[in-house]
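Spelled out from the first residue to the last, the chains are:
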Amino acid sequence: MDCQNVKVLIADDSLLARKKLKDCLVSLGCVNIIEAQDGEEAYDQYIKEQPDLVFMDIVMPKKFGTDAVREIIAEYPDATIIMLSSVGTKKYVEDSLKAGAQDFIPKPFTSSQVSSILERF
């Protein structure tokens, strides 16, 4: 898989979760990776960097991922956002998808799940 030209934004309040996903993406060939530690920063980074793909945690400080998705999609309806969360309540997942996210991956994720997302989007 060639994703050298794909710009990816990882938004998660957990440094460990961001590192794990970044390491996974790098192992799959991604080199252009941006990070955000909360929903507010995720929105700001999206506006500034215009990434091709976003992996966004749902539960974050300052602004929930679902709220950041709504704001991003309002301005950029074609944004590709994949939600990640260990909080697997059906309500959070449904709200995220209704807000405009394209998919959901539960934590802990596997490399094959991330690879599948990259291939699809």
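(A) Region of the structure containing helix α2 (residues 39–49). Among the residues making up α2, those that are buried are G39, A42, Y43, Q45 and Y46. Here the buried residues of α2 occupy an arc of 165° about the axis, which is enough to place them on one side. Along its buried surface, α2 packs onto β1 (7–11), β2 (32–36), β3 (53–57) and α3 (65–75). N-cap assignment for α2: the residue whose side-chain oxygen lies 3.0 Å from the backbone N of E40 is D38.

(B) Region of interest: the packing of aromatic side chains. Under the defined criterion, the tally for this structure stands at two aromatic pairs. Arranged with centres 5.8 Å apart and planes meeting at 50°, the rings of F64 and Y92 form a pair that is tilted. Of this pair, F64 sits in the loop between β3 and α3 while Y92 sits in helix α4 (residues 90–99), and the two are 28 residues apart along the sequence. Across from the ring centre of F109, 4.7 Å away, lies the NZ or CZ of K20, which sits over that ring.

Rules and cut-offs
Within each chain, residue numbers correspond to sequence positions counted from 1 in written order. Side-chain atom pairs in this predicted model are given and counted only at pLDDT of 80 or more, local residue features only at pLDDT of at least 70, and totals for whole chains, interfaces and linings cover all residues. To get the side-chain values, take all heavy atoms of the structure and skip hydrogens and water. Per-residue accessibility, obtained with a 1.4 Å probe over protein chains only, is compared with the maximum for each type, and a residue is labelled buried under 20%, exposed over 50%, and partly exposed between these values. Only DSSP runs of H or I covering at least 4 residues are called helices, and only runs of E covering at least 2 are called strands; the numbering of each starts at the N terminus. The directions from the helix axis to the C-beta atoms are what the arc is built from. When checking whether two residues touch, look at their non-hydrogen atoms; a contact exists if any pair is within 4.5 Å. As used in this structure description, the phrase polar contact means that two N or O atoms lie within 3.5 Å; if the pair is within protein, one of them must be able to donate a hydrogen and the other to accept it, and residues adjacent in sequence are counted only when both atoms belong to side chains. A pair of Phe, Tyr and Trp rings is counted when the ring centres sit within 6.5 Å of each other, with Trp represented by its six-membered ring. The angle between the planes then sorts it: under 30 degrees is stacked, over 60 is edge-to-face, the rest tilted. We call a charge positioned over a ring when the NZ of a Lys or the CZ of an Arg lies within 6 Å of the ring centre and within 35 degrees of the ring normal.

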